[in-house]
Amino acid sequence: MNKVLRCLFVAIACLVSSNGHAQDVSYFRQDHGVAKGMQALPNDFEQDAKQLWRTPLDKGHSTPSVCGDSIFLTTFRAEEKELATVAIDRATGRIKWKQTVPTKTLEAFHATGSPASSTPACNGSQVFSFFGSYGMLCYDLDGKLLWEHKMGPFEDEFGACSAPILFDNKVILSEDHDLDSFLIALDSRTGETLWKAPREDATRSYSSPVVLER
C-alpha cells in the first residue's frame, strides 16, 4: 500500500469512527456492520469523502486499529529496515508517538508484502503489536514499553501477518508456518506464556483466530 492510499485510509478511518462511541475499543473486524451513529465508508473517496486531515506515513500492511482518541498501526521503512508501532491522534492526525523495534534480522517476505502486516490490538489501556521478525510487544497508551515476548523469525517464505486477539486477559496469536506451527496465549499483563498448542498438521496460514463462545 503506497503512502497516499495509506494516509487516505487512516484519515477515512478517523472520519468513520469520529461520530460513533458505541464501541470505544474497535478492532479491524466489525461483526455487526455499521454501528449506530457511525457513517458508512464513502463509495468515492474524491467526491463523497470529507477529508479531516492527512498524515504522511511509512509503508505497512497492517490495518489501523481505533481505540478511544487514538489510531494504532505498524509501519516498515525499508532503507533502515525499521519496524515501528505508531499512535496517531484521531481528531488531528498528529503522530503521538512512534516506537521502533530493535530487530537485527528481518523475516522473509514477498516483494509486494511487508514485515509490518499484523494489525495491532488495544484493550483501552494497552497496545499489542506483533512482528514476525521480533515477536509481541506491549505498550501503554503513551508509548511506554511494558513487556515483550520474543518470537521468530519463522520458517516461512512470505512471513507472518496473523493479528493478536484479546480475550479474558489473554493475547492469543496463531502462527502457522512451514515448520513448528502453533497457537499461543500470553498473559496480557506480563507477557508470560499461559499455554502453547502445537499445530502439527497446519502450514502457511495467515488468518487471525476468532474466539467462539459455546
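Residues numbered from 1 in each chain as written. Predicted model: local features only at pLDDT ≥ 70, side-chain atom pairs only at ≥ 80, totals over all residues. Heavy atoms only, no water.

Enquirer: Is there a simple way to explain the sheet that holds strand β12 (residues 182-187) in this structure?
Expert: In sheet architecture, strand pairing relies on hydrogen bonds along the backbone and comes in two forms, parallel and antiparallel. As summarised here, the arrangement of the four strands in space is β10-β11-β12-β13, forming an open sheet in which the pairing is antiparallel. Among the strands making up the open sheet, the edge pair consists of β10 (165-167) and β13 (193-198). Put simply, the sheet's adjacent strands are angled 20° from each other on average, direction ignored. (Pairing = 2+ DSSP bridges. Helix = DSSP H or I, 4+ residues; strand = E, 2+ residues; numbered from the N terminus. Axes fitted to C-alpha atoms, helices over the stretch in contact; angles between N-to-C directions.)

Enquirer: Honestly, the side chain of S162 in this entry has me stumped. Any pointers?
Expert: Inspection of the secondary structure puts S162 in the loop between β9 (145-150) and β10. Judged by relative accessible area, S162 falls into the buried class, the value being 1%. Here S174 takes part through its backbone oxygen, which lies 3.2 Å from a polar atom of the side chain of S162. Not counting residues up to four positions away in its chain, the partners in contact with S162 are S118, F130, L173, S174, E175, Y206, S207, S208 and P209. (Buried < 20%, exposed > 50% of the residue type's maximum accessible area, 1.4 Å probe, protein only. Polar contact = N/O pair within 3.5 Å; in protein donor to acceptor, adjacent residues only side chain to side chain. Contact = heavy atoms within 4.5 Å.)

Enquirer: Quick question: what am I supposed to make of the pattern of salt bridges here?
Expert: Where charged atoms from two side chains of opposite charge approach closely, those side chains can pair. Across all of its chains, the model carries seven salt bridges by this definition. Across the pair K98 and D58 runs a salt bridge whose closest N-O atoms are separated by 3.4 Å. Of the two residues, K98 is situated in strand β5 (residues 95-100) and D58 in the loop between β1 (25-26) and β2 (65-67); the sequence distance between them amounts to 40 residues. Between R189 and D187 there is a salt bridge whose closest N-O contact spans 3.2 Å. Using a relative accessible area of 54% as the deciding quantity, one classes R189 as exposed. A relative accessible area of 11% means that D187 is categorised as buried. When salt bridges with common partners are traced through the structure, they connect D58, R77, E80, E82 and K98 into a single cluster. (Salt bridge = Lys/Arg side-chain N within 4 Å of Asp/Glu carboxyl O.)

Enquirer: Looking at this structure, I do not really get the side chain of S65. What am I missing?
Expert: Its place among the elements puts S65 in strand β2. At 3.4 Å, the side chain of S65 and the backbone oxygen of P120 are in polar contact.

Enquirer: What should I look at first to understand the sheet that holds strand β7 (residues 126-131) in this one?
Expert: The sheet built from four strands is open, its strands ordered β6-β7-β8-β9 with antiparallel pairing. Looking at the sheet topology across the chains shown, the edges are occupied by β6 (121-122) and β9.

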